[in-house]
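Structural features, examined
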Amino acid sequence: MCGICGVLNLNSKPVSAQVVEKMAETIRHRGPDQNGVYTDGKVGLGHRRLSIIDVACGQQPMPNADKSLWISFNGEIFNYVELREDLERRGHRFRTRSDTEVILHLYEEHGEECVQHFNGQWAFAIWDRKKDRLFLSRDRLGVRPLFYTLNNETFIFGSEIKAILACPEVRRELDLIGLDQIFTFWCTRAPRTIFRNILELPPGHSLLVEAGRIRTWPYWQLDYPQQNEKLSEKDWAERLLELLMDATRIRLRSDVPVGAYLSGGLDSTVVTAIIRRHSEARLKTFSVVFEDPEFDERRYQREAVDFLRTEHHEVGITGEDIARVFPKVIWHAEKPVLRSAPAPLFLLSSLVRNQGYKVVLSGEGADEILGGYDIFKEAKIRRFWGRRLESRFRPLLLKRLYPYLGNLRSQSQSYLKAFFHVGAEDLANPLFSHLPRWELTSRIKGFFSEDLRTELRGYSALEELASSLPAAFASWDDFTKSQYLEASCLFPGYILSSQGDRMGMAHSVEGRFPFLDHRVVELAMQIPPQLKMKVLSEKHILKRATTELVPAAVTSRSKQPYRAPDSASFFSRGKASEPYVEEMLASARIRHEGVFNPTKVGKLYDKIKRGGVIGVKDNMALLGILSTQLVISQFIGNQ
Amino acid sequence: MSSTGTGKGSRMHTLESAIRSFIVDNFLFGEGENGLKNEDSLLENGLIDSTGILELVAFIQQSFKLIVEDEEIVPDNLDSIDKIAKFVKRKDEARVRNNGGKP
């Protein structure tokens, strides 16, 4: 795994190698092993390398044989062995054993269509000297990040936004619509970012800069085709397991040792169990444990460790730890966050690195593609209730769904009806499944300053999303619709980014995700919804496929979403636990930045400081305000 | 329940003020104090969520020394300043009755 960056001057002015070097330096954490810069007149490519495959010879930027192509690549092409064999049969000669060189050869063969052949996670740029064009691409699901901007006549790109901001001419401004999106969806929706004029190349997209123009297009999209082939549950389960076995096998390809995250949930246990099937070698696994039993899963982690005989390492997390590392978390995430959940993952990657590991496999993606999240169940129950609103028993299912949310237990039906949006109008809304979450989150925009609210008048993140849904969306069943909304929004924008790539790469740790092998994803998109969520049993088909692989205690446990202590982490004995908290939330500071209303922030601050009942909304508000203030302080400053 | 006034109307007014002040501080965070009418619905105005109900119940129990039963947590009792004040008053009167007329 690595970091990439580069500059292309559309007006043909020469690029300064020092600027590219400076850009690369900002993302040193992504690749501490080596750095490389290539410049050729109007173009410059930068690279920071984390050596994993062909440690000795995989330096970048890397040229092809006649040096007409130069690549800067972040990621892994897991099927590079098979692709290379095929290319060699067709006369291609290789100088290294790296997957990077395979990309160059495949680009020589297929041009921009080369990406269709890759099985992996990537963000890369290829400078094509002969055709005088720059080609960029990002993997199908958005595991690896890629950002770009056009500044006057200069095209600038980077794995992280801080590399782009290293160019002195790039203006640093908050994108207010991006901020509105985060305070709705917990993340921005690509191509928008939290920085004005800096764009994210969406997952499954490629980009070409040619003849002074920038063109982007999707080469792959989430789709849920009708499955005409009548397969039995057993057949689907077998196909799924077969592909998962292979997806894991090729993700073990590495010249350095590979470990695994083991959360205590089904998905990471399945991945670890499959690794065990492929290799008898010693396997290190890693997890977070929480001091607070409300969030802790160590009981299940230990069941899995005993069953799978791994060498397990834990990092214990307290609220103080979260508050201590939070500014660094925001520096790496490069966007406001509404939850503290990235912080423990930041500390976990530090543990992995300290154990001498650079690569970990995990179960990321299973919940999205196979229907694991409570939000899918919640939508099913809400729809069931909404069809007979007068039922006294149907809403009780909601209370059963969230046994860990004590505040729901004593709520009357009329309140549940209002909070869970089950009216006729809600049932007809295309965003039905996510309305309770997004409506509740949107309430925290009440903390925006009057000026900001005036600027945003007329903009609705929900309306924008509803009007940009794919044409096929209306034809999908309800469960599929909710899966799509989750997989296209929160997943790339937050889970794979703020909790994923950014927290791993903060300590130079690469995550690999067998459930995100596109063959697995494409199969999952065809599995009938009733086999993913059987009545209210989540990921039913995965449980069925892996019964023999994982301990029964893990399969039969009720799903616990990964959560971490939120706003209470930042206070201790009625005071802010870290000086920066008080500094960032001080009335004068809030007034100066102008994003939030200082009076309201002051009252929220006092309320949380006092302790007592603090709800989801207040937690999100505090985290959102604090992290936005940190983003402004760390990236925008006094321009 | 404490009151600085002497008449029934004044006591009700004090009660409403205390509830208003709690709602403005905890759900509105100081904003729109003047815009919130006593009869405005907390639900329809998006002022309250599932945790907010619990905060409100905790406030009523602590400030007015009352026990709020689960079945009483319904919008008819808690969805506006007016409704909350009437609910607290009813509960308080019932308590005094059950206590043989002693406060």
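An account of the accompanying structure is given in this report. Note that this is a predicted model, so its numbers are computed, not measured.

1. A few points about the overall build of chain B
If you tally the helices and strands in chain B, you get four helices and zero strands. Starting at the N terminus, the α and β elements of chain B follow one another as α-α-α-α. When burial is assessed residue by residue, chain B has 47% of its 103 residues classed as buried. Accessible area for chain B stands at about 5400 Å²; split by element, carbon and sulfur atoms hold 47% of it.

2. Considering helix H2 (residues 80–89) of chain A
Side chains that are three or four residues apart share a direction in an α-helix, a result of its 3.6 residues per turn. Residue and element names in this part refer to chain A. Among the residues of H2, those classed as buried are Tyr80, Leu83, Arg84 and Leu87. The buried side chains of H2 occupy one side of the element, clustering within an arc of 100 degrees when seen end-on. Taken from the residues just after H2, Gly91 is the one with a positive phi, measuring 100 degrees.

3. Quick notes on the sheet that holds strand E11 (residues 205–210) of chain A
All names here are of chain A. Overall, antiparallel pairing links the six strands, which are arranged E4-E5-E6-E7-E11-E12 in an open sheet. Of all the strands in the sheet, the pair left with one neighbour each is strand E4 (62–63) and strand E12 (213–218). Of the strands in this sheet, E4, strand E5 (69–77), strand E6 (120–128) and strand E7 (133–138) are in contact with helix H3 (residues 99–110), which crosses E5 at around 120 degrees.

4. Remarks on the environment of Asp246(A)
Residue and element names in this part refer to chain A. Examined against the element boundaries, Asp246 turns out to sit in helix H6 (residues 233–250). Separated by 274 residues in the primary sequence, Asp246 and Val520 have C-alpha atoms spaced 9.6 Å apart. Reaching out from Asp246, the side chain makes a polar contact with the side chain of Arg249 at a distance of 2.8 Å.

5. Examining the interface of chain B and chain A
Residue-level contacts link 22 residues of chain B with 27 residues of chain A. Three residues, Phe29(B), Glu31(B) and Asp49(B), lead the burial of chain B against chain A; their summed loss comes to 30% of the area buried on that side. Applying the counting rule to chain B against chain A returns four salt bridges. With its nearest N and O atoms 2.5 Å apart, the salt bridge here joins Glu55(B) to Lys607(A). At the boundary of chain B with chain A, the tally comes to five residue pairs in polar contact (both at pLDDT 80 or more). Among the secondary structure elements, those contributing two or more residues to the side of chain B that touches chain A are helix H1 (8–26), helix H2 (50–64) and helix H3 (75–78) of chain B.

6. Focus: unusual backbone geometry
All names here are of chain A. Here the residue pair Gln60 and Pro61 is connected by a cis peptide bond, since its omega of -5 degrees sits within 30 degrees of zero. Relative to the helices and strands, Pro61 resides in the loop between strand E3 (43–49) and E4. The linkage connecting Ala190 with the following residue, Pro191, adopts the cis geometry, with an omega of 10 degrees. The residue Pro191 is located in the loop between helix H5 (176–185) and strand E10 (199–200) in this model. Even without being glycine, Asp132 reaches a positive phi, approximately 55 degrees. With respect to the helices and strands, Asp132 occurs in the loop between E6 and E7.

7. A short note on the nonpolar core
One finds Phe118(A), Phe124(A) and Phe570(A) to be the most contacted residues of the largest nonpolar core, which totals 182 residues. In terms of residue count, the dominant contributor to this core is helix H29 (residues 616–636) of chain A (11 residues). With sequence-adjacent residues up to four places away left out, Phe124(A) is seen in contact with Ile4(A), Ile71(A), Ser72(A), Phe73(A), Ile103(A), Val115(A), Phe118(A), Phe135(A), Leu136(A), Ser137(A) and Leu146(A). Core analysis: the second largest hydrophobic core is formed by 38 residues, Ile381(A), Phe420(A), Ile60(B) and Val68(B) among them.

8. Examining the packing of aromatic side chains
The final tally for this structure, using the stated rule, is 32 aromatic pairs over all chains. Pairing Phe447(A) with Phe29(B) gives two aromatic rings, centres 4.7 Å apart and planes at 50 degrees, and the pair type is tilted. With Phe447(A) in the loop between helix H17 (435–442) and helix H18 (450–456) and Phe29(B) in the loop between H1 and H2, this pair bridges two chains. Exposure remark for Phe447(A): the relative accessible area of 5% places this residue in the buried category. An aromatic cluster is built from Phe73(A), Tyr107(A), Phe118(A), Trp122(A), Phe124(A), Phe135(A), Trp217(A) and Tyr219(A), whose rings are joined through pairwise contacts. For Arg437(A), the ring lying beneath its charged end belongs to Trp186(A), and the centroid distance is 5.4 Å. Over the ring of Phe447(A) we find Lys600(A); its NZ or CZ atom is 5.7 Å from the centre of that ring.

9. Remarks on the environment of Asn619(A)
Residue and element names in this part refer to chain A. Counting through the fold element by element, Asn619 comes out in helix H29. Asn619 gets classed as buried once you look at its relative accessible area, which sits at 14%. Taking the C-alpha atoms as reference points, Asn619 and Leu201, separated by 418 residues in sequence, lie 31 Å from one another. Setting aside residues up to four positions removed in sequence, Asn619 forms contacts with Leu338, Asp566, Ser567 and Ile614.

10. Quick look at the sheet that holds strand E13 (residues 258–261) of chain A
Sheet strands pair via backbone hydrogen bonds, and the direction of the pair is either parallel or antiparallel. Residue and element names in this part refer to chain A. With parallel pairing, the five strands of this open sheet are ordered in space as E15-E14-E13-E16-E17. Of all the strands in the sheet, the pair left with one neighbour each is strand E15 (311–317) and strand E17 (510–512). Between one strand and the next, the sheet's axes are offset by a mean angle of 30 degrees, whatever the strand orientation. Strand direction decides the pairing type here: strand E14 (residues 284–290) and E15, joined by seven bridges, are parallel. Paired with Val288 across the two strands is Val315, which belongs to E15. Here helix H8 (residues 298–308) sits on the sheet and contacts E14 and E15; the angle it forms with E14, its principal contact strand, is near 165 degrees.

11. A short note on H29(A)
Residue and element names in this part refer to chain A. Taking 1.5 Å per residue as the helical rise, H29 with its 21 residues ought to reach 30 Å, and the 29 Å between its terminal C-alpha atoms agrees with that figure. The buried count for H29 comes to 18 of 21 residues, which makes it a mostly enclosed element. Trailing H29 by a residue or two, Gly637 shows a phi angle of about 60 degrees, which is positive.

12. As for the pattern of salt bridges
Residues and elements named next belong to chain A. In this structure the tally under the stated criterion is 63 salt bridges over all chains. Between Glu538 and Lys377 there is a salt bridge whose closest N-O contact spans 2.8 Å. With a gap of 161 residues between them, Glu538 in the loop between helix H23 (529–532) and helix H24 (540–545) and Lys377 in helix H12 (residues 374–386) connect regions that are remote in the sequence. You can call Glu538 buried: its relative accessible area is 6%. When its relative accessible area of 10% is taken as the criterion, Lys377 is described as buried. Taken together, the shared-partner salt bridges in this structure form one network comprising Arg30, Arg144, Glu160, Lys162, Glu334, Asp501 and Arg502.

Conventions used here
Residues numbered from 1 in each chain as written. Chains lettered and ligands numbered in written order. Predicted model: local features only at pLDDT ≥ 70, side-chain atom pairs only at ≥ 80, totals over all residues. Heavy atoms only, no water. Helix = DSSP H or I, 4+ residues; strand = E, 2+ residues; numbered from the N terminus. Buried < 20%, exposed > 50% of the residue type's maximum accessible area, 1.4 Å probe, protein only. Areas by Shrake-Rupley, 256 points an atom, 1.4 Å probe, with all protein chains shown as cover. Arc of directions from axis to C-beta. Pairing = 2+ DSSP bridges. Contact = heavy atoms within 4.5 Å. Axes fitted to C-alpha atoms, helices over the stretch in contact; angles between N-to-C directions. Polar contact = N/O pair within 3.5 Å; in protein donor to acceptor, adjacent residues only side chain to side chain. Buried area = accessible area lost by both parts, 1.4 Å probe. Salt bridge = Lys/Arg side-chain N within 4 Å of Asp/Glu carboxyl O. Core = buried A, V, L, I, M, F, W, Y, C linked by side-chain atoms within 4.5 Å. Phe/Tyr/Trp six-rings, centres within 6.5 Å; stacked < 30°, edge-to-face > 60°. Lys NZ or Arg CZ within 6 Å of the ring centre and 35° of its normal. Expected span 1.5 Å × (residues − 1).

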